[in-house]
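# Structural features, examined
In case you want the letters, here they are:
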2 protein chains.
Amino acid sequence: MNKPLEFWFEFASTYSYPAAMRVEEACIGAKVDLIWRPFLLGPVFAQQGMTDSPFNIFPVKGAYMWRDLERVCAAQGLNLRKPSSFPRGSLLAARICAAFDQSDWVGSFIRAVYDANFAMDLDIGEAKVLEDLLDALGQDPETVITEAQSPENKKKLKTMTEEAIERGVFGAPIMIIGEEVFWGNDRLEAAISWAVGGRE
Amino acid sequence: MNKPLEFWFEFASTYSYPAAMRVEEACIGAKVDLIWRPFLLGPVFAQQGMTDSPFNIFPVKGAYMWRDLERVCAAQGLNLRKPSSFPRGSLLAARICAAFDQSDWVGSFIRAVYDANFAMDLDIGEAKVLEDLLDALGQDPETVITEAQSPENKKKLKTMTEEAIERGVFGAPIMIIGEEVFWGNDRLEAAISWAVGGRE
């Protein structure tokens, strides 16, 4: 019996982009249940004493990351246009995912948001951008966003971010199988092997 | 015509261990010239405002790294015993590599030092430990260490560390082909492909 794979992700996170674009297909191929786990990196980095992306705090690391991401995306056949502002505000998109994490369109929405952020350089922090994506997926933007902004759902995302920190999430993307933690797009295959192997 | 691969490494660096153990064999297999590039991470981290290993500064990241390194080493068939002190002092070992980077035994010495540090939990900061490794390789410890501690060679290693920083080295291991930079044990295959592809 394969174990489910929790995919912890943040829409502003660069390496979450190539991982998010392929995780659902990879899980289906391996017959592993995928659990989408949106959270916010801001509070996670704040716990580590950082008030910005480490890629902005350490410019040499940031320059490397953008070049490396170019190579990774090229190898995966993904378009990449460096966002003109980084990191983009991800709060509303994350709230939508938290509210609709059980819906049959959440995977498509997640990929559309990453595409908007990293391939089209759209400001995913703007409600209008997300409304257009929801509309293209056949969802009613107003209904979805009202639900996403409800006090209950705001609390749900906050609780998920607290759970992330408690369970050892320190960056994104992070895959968790049971208590086994895998960090980064590079570890997706290892995480799936772990889920399939069913190792404790 | 394949391009040479520069392997920038630090003996205290955890992910340099699995990379250093396989880089020479991988380069020989791909007919890529390997250039060993010892340097010190201390001054590199100091430039980023850190006075210790980031794995010590951020305990949650450190805990993850040790677990991940266990998995990586197991997959590579390498023994791993967490060093009882981390990071170990690497200055003398790095000086030996800098002095003898053209010798036919430098690769074997490098692997022996990593094995001592990460598989045997020996203090590679102690001259006696390195003397035993040199002796086992058929080298005269006193001659080698005298040469390594010469003012010219001390300056050589210092200059190499400065060159590392200038060329965008911010961690270890880092592979450089021409001006293309690859960070981490995970990127060794990509670096070799780049060297073979001869891409500018």
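These figures come from a predicted structure and were not determined experimentally.

Rules of the game
- Residues numbered from 1 in each chain as written.
- Chains lettered and ligands numbered in written order.
- Predicted model: local features only at pLDDT ≥ 70, side-chain atom pairs only at ≥ 80, totals over all residues.
- Heavy atoms only, no water.
- Buried < 20%, exposed > 50% of the residue type's maximum accessible area, 1.4 Å probe, protein only.
- Helix = DSSP H or I, 4+ residues; strand = E, 2+ residues; numbered from the N terminus.
- Pairing = 2+ DSSP bridges.
- Phe/Tyr/Trp six-rings, centres within 6.5 Å; stacked < 30°, edge-to-face > 60°.
- Lys NZ or Arg CZ within 6 Å of the ring centre and 35° of its normal.
- Least-squares fit on C-alpha atoms with pLDDT ≥ 70 in both.
- Contact = heavy atoms within 4.5 Å.
- Arc of directions from axis to C-beta.
- Salt bridge = Lys/Arg side-chain N within 4 Å of Asp/Glu carboxyl O.
- Disulfide = S-S within 2.5 Å.
- Buried area = accessible area lost by both parts, 1.4 Å probe.

### Observations concerning the pairing of strand 1 (residues 5-9) of chain B
Sheet faces and side chains relate simply in a regular strand, where the side chains alternate between the two faces. Residues and elements named next belong to chain B. For strand 1, a buried count of five out of five residues is recorded, marking the element as mostly surrounded by other parts of the structure. Burial along strand 1 is two-sided: the face carrying L5, F7 and F9 and the face carrying E6 and W8 are both buried. Where strand 1 meets strand 2 (residues 34-38), five bridges bridge the pair, whose relative direction is parallel. Bridging across to strand 2, F7 finds its partner in W36.

### Focus on unusual backbone geometry
All names here are of chain A. Geometrically, the link from F86 to P87 is a cis peptide bond, its omega value of -5 degrees lying close to zero. Its location among the elements puts P87 in the loop between helix 4 (59-76) and helix 5 (91-99). Even without being a glycine, K31 presents a positive backbone phi close to 55 degrees. Relative to the helices and strands, K31 resides in the loop between helix 1 (16-30) and strand 2 (34-38). Accessibility expressed as a relative area gives 71% for K31, which makes it exposed. In this structure, D121 is a non-glycine residue whose phi angle is positive, near 55 degrees. Inspection of the secondary structure puts D121 in the loop between helix 6 (106-118) and helix 7 (127-136).

### Observations regarding the packing of aromatic side chains
Enumeration over the complete set of coordinates arrives at 34 aromatic pairs over all chains. Aromatic pair F9 of chain B and F11 of chain B: ring centres 5.4 Å apart, planes at 85 degrees, arrangement edge-to-face. As far as the burial class goes, F9 of chain B and F11 of chain B line up, both buried. Members of the aromatic cluster, joined through ring pairs, are F7, F9, F11, Y17, W36, Y114 and F118 of chain A. When the ring centre of F182 of chain B is taken as origin, the NZ or CZ atom of R71 of chain A, which lies over that ring, is 3.8 Å away.

### A short note on the relation of the copies chain B and chain A
Superposition of chain B onto chain A requires a rotation of 180 degrees combined with a translation of 0.0 Å along the rotation axis, giving an RMSD of 0.0 Å. Given the turn and translation reported, the copies of this chain are related as if by a two-fold rotation axis. Of every C-alpha in chain B, the one belonging to D186 of chain B sits nearest the axis of rotation, 3.7 Å from it. Looking at chain B, 95% of its interface residues are interface residues in chain A too, so the copies touch through the same face.

### Examining helix 8 (residues 141-148) of chain B
Residues and elements named next belong to chain B. What helix 8 keeps buried is the set P141, V144, I145 and A148. Down the axis of helix 8, the buried side of the element spans an arc of 90 degrees, and every buried residue falls inside it. Along helix 8, exposed side chains directed more than 90 degrees from the buried face belong to E142 and T146. Contacts from the buried residues of helix 8 go to helix 5 (91-99), helix 7 (127-136) and helix 9 (151-166).

### Describing the pattern of salt bridges
Should the charged atoms of two oppositely charged side chains come close, the side chains can pair. Tallied over the entire structure, the rule returns 32 salt bridges over all chains. R187 of chain A is the salt-bridge partner of D186 of chain B, the closest N and O atoms lying 3.1 Å from each other. With D186 of chain B in the loop between strand 4 (180-183) and helix 10 (188-197) and R187 of chain A in the loop between strand 4 (180-183) and helix 10 (188-197), this pair bridges two chains. According to the relative accessible area criterion, D186 of chain B is partly exposed, its value standing at 36%. On the basis of relative accessibility, which here comes to 10%, the residue R187 of chain A falls in the buried class. Beyond isolated ion pairs, a larger network of salt bridges with shared partners links R67, D68, E70, R71 and D186 of chain A together with E180 and R187 of chain B.

### Brief notes about the state of the cysteines
A full pass over the atoms with the stated rule returns zero disulfides over all chains. Here C73 of chain A stays unpaired: no disulfide links it, and the sulfur of C97 of chain A, its closest cysteine neighbor, is 19 Å away.

### Examining the interface of chain B and chain A
Accessible area lost during the coming together of the parts is what is often quoted as the interface size. Facing 19 residues of chain B, the contacting portion of chain A comprises 18 residues. Summed over both sides, the interface between chain B and chain A buries roughly 1900 Å², with carbon and sulfur atoms accounting for 57% of that surface. Inspection of the region where chain B meets chain A yields eight salt bridges. Across the pair R71 of chain A and E180 of chain B runs a salt bridge, and its minimum N-O distance is 2.9 Å.

Function cannot be read off these values alone, since they describe shape.
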